[in-house]
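Remarks on the overall topology
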Amino acid sequence: GCVPGIQFYGASLLCESRVAVRFYFMAQSLAGIDFGAYTPVEKNGMYYVEIPGINPQDYDKTVSVTVTDGSEEMTVTYSPMAYILRKYAAYEAGALKNLTAAMYQYHNAAKAYVAKGEDVVTDGNGIVIEQLVISGQIKRIDLNRRNTP
């Protein structure tokens, strides 16, 4: 859909203790525009809404924001994994390439951990991923320790 007076500009990730997705919009005014549960923030002549607290095992799931003016509605959807894969493919080397590679591996390890419900998960290369869980958050991952039979 389309809401007159507002245009979707793009999405980005914020990498903090948990990942957040930001949806950016361009508009002259937000009068009469509703973002549902999200509060828009103005920054550099644009507006964004943020979906915080995305767990690593959920990077492949989509998040969305619906914008309405009361008669027209627009829903934008994005997946953190889409950003990770796009940025990884776009760079030959460097910090962003390394970060996105690490985020991809972290996602796979967290997904395996949640699926197994165990304290130790091994990947297909025999590497033990040691995990300490406090309040449902993975606090440490050791990718350097080899699995021994």
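Just above, that's the structure.
Residues numbered from 1 in each chain as written. Predicted model: local features only at pLDDT ≥ 70, side-chain atom pairs only at ≥ 80, totals over all residues. Heavy atoms only, no water.

1. A word on the nonpolar core
- Counting residues in hydrophobic clusters, the biggest one holds 27 residues, and the most contacted among them are I6, F23, F25, F35, V65 and V67.
- Mapped by element, the contributors of at least two residues to this core are β1 (6-15), β2 (19-27), β4 (46-54), β5 (63-68), β6 (73-78) and α1 (80-90).
- With 5 residues, the single largest contributor to this core is β2.
- Not counting residues within four places of it along the chain, the set of residues in contact with V67 comprises V3, I6, F25, I33, D34, F35, E72, E73 and M74. (Core = buried A, V, L, I, M, F, W, Y, C linked by side-chain atoms within 4.5 Å. Buried < 20%, exposed > 50% of the residue type's maximum accessible area, 1.4 Å probe, protein only. Helix = DSSP H or I, 4+ residues; strand = E, 2+ residues; numbered from the N terminus. Contact = heavy atoms within 4.5 Å.)

2. Focus: helix α2 (residues 95-116)
- The terminal C-alpha atoms of α2, which comprises 22 residues, lie 31 Å apart, in line with the 32 Å expected from a rise of 1.5 Å per residue.
- Where α2 is concerned, the buried positions are K97, T100, M103, H107, A109, A110 and Y113. (Expected span 1.5 Å × (residues − 1).)

3. Here we look at the side chain of H107
- With respect to the secondary-structure elements, H107 resides in helix α2.
- A distance of 2.8 Å separates the side chain of H107 from the backbone oxygen of P56, its partner in a polar contact.
- Ignoring any residue separated from it by four or fewer positions in sequence, one finds H107 in contact with P56, Q57, D58, Y59, D60 and M81. (Polar contact = N/O pair within 3.5 Å; in protein donor to acceptor, adjacent residues only side chain to side chain.)

4. Section: the pairing of β5
- Where β5 and β6 come together, 6 bridges link them in antiparallel fashion. From the neighbouring strand, T66 faces β6, where its bridge partner is T75.
- Linking β5 to β6, which pair antiparallel, is a turn of 4 residues; within it G70 sits at a positive phi near 100 degrees. (Pairing = 2+ DSSP bridges.)

The analysis is restricted to geometry; functional conclusions fall outside its scope.
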